[in-house]
2 protein chains.
Amino acid sequence: MTVEQKTTETEEKILEAALQVFSKKGKDGARMQEIADLAGLNKALLHYYFRSKEGLYDRVFEYMIAKLVKSFGPGLQEAPDFYQMLHIFIDSYIDFIRDNLPVMRLMVTEHLAGGDRLRDRIRSMMETPDSPPRLFLQRMNQAAARGDIRPADPHQTLITLLSCCVFFFLILPTVETFVPAARDNRDAFIEGRKDHVFDLIATSLRPVQEGRPVTWPRHRGKE
Amino acid sequence: MTVEQKTTETEEKILEAALQVFSKKGKDGARMQEIADLAGLNKALLHYYFRSKEGLYDRVFEYMIAKLVKSFGPGLQEAPDFYQMLHIFIDSYIDFIRDNLPVMRLMVTEHLAGGDRLRDRIRSMMETPDSPPRLFLQRMNQAAARGDIRPADPHQTLITLLSCCVFFFLILPTVETFVPAARDNRDAFIEGRKDHVFDLIATSLRPVQEGRPVTWPRHRGKE
DNA sequence: GTCTATATCTCGATAGAC
DNA sequence: GTCTATCGAGATATAGAC
């Protein structure tokens, strides 16, 4: 008797199909029949393996979180400085979402539903010292202390970073209607997105030079 | 016989309730009963006014788009320069979303569903010269030509701008779990978000000074 | 383990009283 | 215009053969 529960090939097929359907339609909107069709199996098997739709959804959620956590490579820790870490963060995060759109979508649907299921997961992630968000905050504070970057709110910057990487994929259908390049060569456009995001954040955070305060032609005025 | 169809008070109540439910659960996931309960009416009335669930959803979608378009104030055109326009864009957009979360959510669920219903709307919006996105692109090109900002891809910058304003509200449940300030004083945190987004983009775009190229301590290297 | 057939129930939609 | 009661389609879930 072993504790680890091996996932059979059939289970895997069901979970993958369910992830896709749940992520687009939400828990209530999804249809068991559609999941079965996509998996190339029949409805009864879904209940054989997962008892109920609710049970299946719970397992799909775990499955999705597992994919997310598994994507945390050791790359971030090994980055020699803040800018290298930022670069790795952006590239690997965008790559992951590009290759796992259903994971991103399920995260979004969960947020739309109120995010109750996510709360504990996020909290425990934020309590893990070497999780990507924690590492980012820590390295940003270090960089500011050293003068590698100008002072800026790390939480706001983290939110911005996530926004820039994730939201783009969510609104891809819209982007494609007004940026021909995104339609014609998606992969190239995604690579361009990486560069833009890094450039934007890195340029904004670069430290203030001697005798040259951070300013712009006309200051944001509420005069 | 008049062309304009006045929306009765009851219709308005139904549309508002339906917008909330559809925006959280999607078209298929939403339940007519839940909408009726939220509106304080009974199911039969929904069918009396809108014939079917599909019909109701269509009307809710129009209702949502109307709210969005109505929020386009004349402020943007009147901004004297790019930075003022950016400032107004961010403030008014964030204010609108804060006050109309269901509109944002319905846009997101539509994107999750593939964005087919949005395509025509977005396209016609992008063909309207004084729509906010068009204005932004135009003013950004002008500013770059004048040297008010450094050269940067306007489309990517627009995507970033939208991302920074919208995504934050989508992941608010998550943000609140790791930023105490967001939970304790939401309004203040939202105001802080405006400042951060403006500061980030404006700082990043400020023009390169004579003899001082845009760079940072260690360049993003792929060595 | 996998399938077909069927039971059970939920939900969209309608009929009809007021 | 608004309600209660109910129908019927379609969904989840189960039974039972293979």
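Read on for a plain summary of the structure. (Residues numbered from 1 in each chain as written. Chains lettered and ligands numbered in written order. Predicted model: local features only at pLDDT ≥ 70, side-chain atom pairs only at ≥ 80, totals over all residues. Heavy atoms only, no water.)

## Some points on the side chain of H111(B)
Put simply, the rule reads: Helix and strand labels come from DSSP, where a helix needs a run of H or I of at least four residues and a strand needs a run of E of at least two; each type is numbered from the N terminus. Each residue is placed in one exposure class: buried if its accessible area under a 1.4 Å probe, protein chains only, is under 20% of its type's maximum, exposed if it is over 50%, and partly exposed if it falls in between. What qualifies as a polar contact is a pair of N or O atoms within 3.5 Å, subject to a donor-acceptor requirement within protein and to the restriction that residues adjacent in sequence count only when both atoms come from side chains. By definition in these notes, contact holds between two residues if any of their heavy atoms fall within 4.5 Å.
Within the element layout of this structure, H111(B) appears in helix α7 (residues 101-112). For H111(B), a relative accessible area of 8% translates into the label buried. At 2.9 Å, the side chain of H111(B) forms a polar contact with the backbone oxygen of M107(B). Among residues more than four places away in sequence, those in contact with H111(B) are L170(A), I171(A), P173(A), T174(A) and L118(B).

## So, the interface of chain B and chain A
Which entries qualify depends on this criterion: By buried area we mean the combined loss of accessible area, with a 1.4 Å probe, across both parts when two parts are placed together. When a carboxyl oxygen of Asp or Glu lies within 4 Å of a side-chain nitrogen of Lys or Arg, that pair is called a salt bridge.
Tallying the contact residues gives 71 residues for chain B and 71 residues for chain A. Interface area for chain B against chain A, summed over the two sides, is near 6,800 Å², with a carbon-plus-sulfur share of 61%. Where chain B touches chain A, the interface holds three salt bridges. R150(A) serves as the salt-bridge partner of D199(B), at 2.9 Å between the closest nitrogen and oxygen. Linking chain B to chain A there are 14 residue pairs in polar contact (both at pLDDT 80 or more). Secondary-structure elements contributing two or more residues to the side of chain B that touches chain A are α1 (9-29), α6 (82-99), α7, α8 (116-127), α10 (154-170), α11 (172-178) and α13 (186-205) of chain B.

## Some points on α7(B)
In an α-helix there are 3.6 residues to a turn, and that puts residues three or four apart on one side. Residues and elements named next belong to chain B. Operational definition: Expected span, for any helix, means 1.5 Å times one less than how many residues it has.
Look at α7: 17 Å from first C-alpha to last across 12 residues, which is about the 16 Å you get at 1.5 Å a residue. Burial analysis of α7 places 12 of its 12 residues in the buried class, the great majority of the element. Of the positions making up α7, those classed as buried are L101, P102, V103, M104, R105, L106, M107, V108, T109, E110, H111 and L112.

## Side note on the protein's contact with DNA strand C
Defined as follows: Proximity is defined per residue: any heavy atom of the residue falling within 4 Å of a molecule or strand makes that residue near it. Under the scheme applied, nonpolar residues are Ala, Val, Leu, Ile, Met, Phe, Trp, Tyr, Cys and Pro; charged residues are Asp, Glu, Lys and Arg; polar residues are all the others, including Gly.
T10(A), N42(A), Y49(A), K43(B) and K53(B) are the nearest of the 15 residues found near DNA strand C. Side-chain polar atom of N42(A) to a sugar or linking oxygen of DNA strand C: 2.7 Å apart, as the coordinates give it. Every element with two or more residues in the surface near DNA strand C is listed here: α3 (43-50) of chain A together with α3 (43-50) of chain B. The element best represented in the surface near DNA strand C is α3(A), accounting for four residues. When its residues are assigned to classes, the surface near DNA strand C shows seven nonpolar, four polar and four charged.

## A closer look at the protein's contact with DNA strand D
The environment of DNA strand D is formed by 16 residues, the closest being M32(A), K43(A), K53(A), N42(B) and Y49(B). A share of 60% is what sugar and phosphate atoms reach among the atoms of DNA strand D within 4 Å of the protein. Residue K43(A) places a side-chain N or O atom 3.5 Å away from a base nitrogen belonging to DNA strand D. For the surface near DNA strand D, the secondary-structure elements that each account for two or more residues are α2 (32-39) and α3 of chain A together with α3 of chain B. Residue contributions to the surface near DNA strand D peak at four residues, all from α3(B). For the surface near DNA strand D, the per-class residue count stands at seven nonpolar, five polar and four charged.

## Brief notes about the relation of the copies chain B and chain A
Where we set the bar: In superposing the copies, a least-squares fit is computed on C-alpha atoms, taking residues whose pLDDT is at least 70 in both.
Between chain B and chain A, which share one sequence, the superposing operator has a rotation angle of 180° and an axial displacement of 0.1 Å; the RMSD is 0.2 Å. Both copies of the chain, as the preceding transformation shows, are related through a two-fold rotation axis. Relative to the rotation axis, the C-alpha of G29(B) is the closest in chain B, positioned 1.7 Å from it. Take the interface residues of chain B: 100% of them recur as interface residues in chain A, which is what a same-surface contact looks like.

## Quick look at the environment of K70(B)
Residues and elements named next belong to chain B. Within the fold, K70 resides in helix α4 (residues 53-70). The class of K70 is exposed, set by a relative accessible area of 72%. In this structure the C-alpha to C-alpha distance between K70 and S204, which are 134 residues apart in sequence, comes to 31 Å.

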